[in-house]
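# Structural characterization, general
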Amino acid sequence: VQLQASGGGLVQAGGSLRLSCAASGRTFSNYAMAWFRQAPGKEREFVASITWRGTYTDYADSVKGRFTITRDNAENTVYLQMDSLKPEDTAVYYCAAEEGVRDGVPKTPDYWGQGTQVTVSS
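Summary of the structure given here. (Residues numbered from 1 in each chain as written. Predicted model: local features only at pLDDT ≥ 70, side-chain atom pairs only at ≥ 80, totals over all residues. Heavy atoms only, no water.)

Within the chain, the regular secondary structure consists of zero helices and 11 strands. Walking the chain from its N terminus toward its C terminus, one meets helices and strands in the order β-β-β-β-β-β-β-β-β-β-β. A compact globule built from 122 residues would reach a C-alpha radius of gyration of about 14 Å, and the chain, at 13 Å, matches this within 12%. With respect to the principal axes defined by its C-alpha atoms, the chain has extents near 40 × 25 × 25 Å. Out of the 122 residues belonging to the chain, those deemed buried represent 47%. For the chain, the proportion of contacts with a sequence separation of at least 24, taken over those separated by at least 6, is 57%. Of the roughly 6,200 Å² that the chain leaves accessible, carbon and sulfur atoms contribute 44%. (Helix = DSSP H or I, 4+ residues; strand = E, 2+ residues; numbered from the N terminus. Rg over C-alpha atoms; globule rule 2.2 N^0.38 Å. Buried < 20%, exposed > 50% of the residue type's maximum accessible area, 1.4 Å probe, protein only. Contact = heavy atoms within 4.5 Å. Areas by Shrake-Rupley, 256 points an atom, 1.4 Å probe, with all protein chains shown as cover.)

Structural data, given as structure tokens:
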């Protein structure tokens, strides 16, 4: 599956951004989807995931209550609504999927989007 992330940008602390990730190439609803992020000098980390029907979601503790992951299987797109952004949310954000993972959390993704930069100024 090919993934194309978009929606990043520069925002002030306390602001909001909505990331999108469009999928193509394979049946989107066969996959749970996830967002990861990588800040400068740090390892890539899990942010959020959503199962194929959107029934279950999972979030990193650092973003719980501020970020919301959703998906639209008719549009083959997964979203990440980010509110109350903080400078420490600054990172490149990647959408991802793992072969064979539909109802769980993609922990070792096989497919990655190209990344979209999110910068939060203080």
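Turning our eyes to something else, we now look at the sheet that holds strand β8 (residues 77-82). What the four strands build is an open sheet, ordered β1-β3-β8-β7; its pairing is antiparallel. Unpaired on one side and paired on the other, β1 (2-6) and β7 (67-72) mark the two borders of the sheet. Neighbour to neighbour, the strand axes of the sheet diverge by 15 degrees on average, direction disregarded. Where strand β3 (residues 17-24) lies against β8, six bridges are found, and the strand directions are antiparallel. Along β8, the bridge assignment pairs Cys 21 with Val 78. (Pairing = 2+ DSSP bridges. Axes fitted to C-alpha atoms, helices over the stretch in contact; angles between N-to-C directions.)

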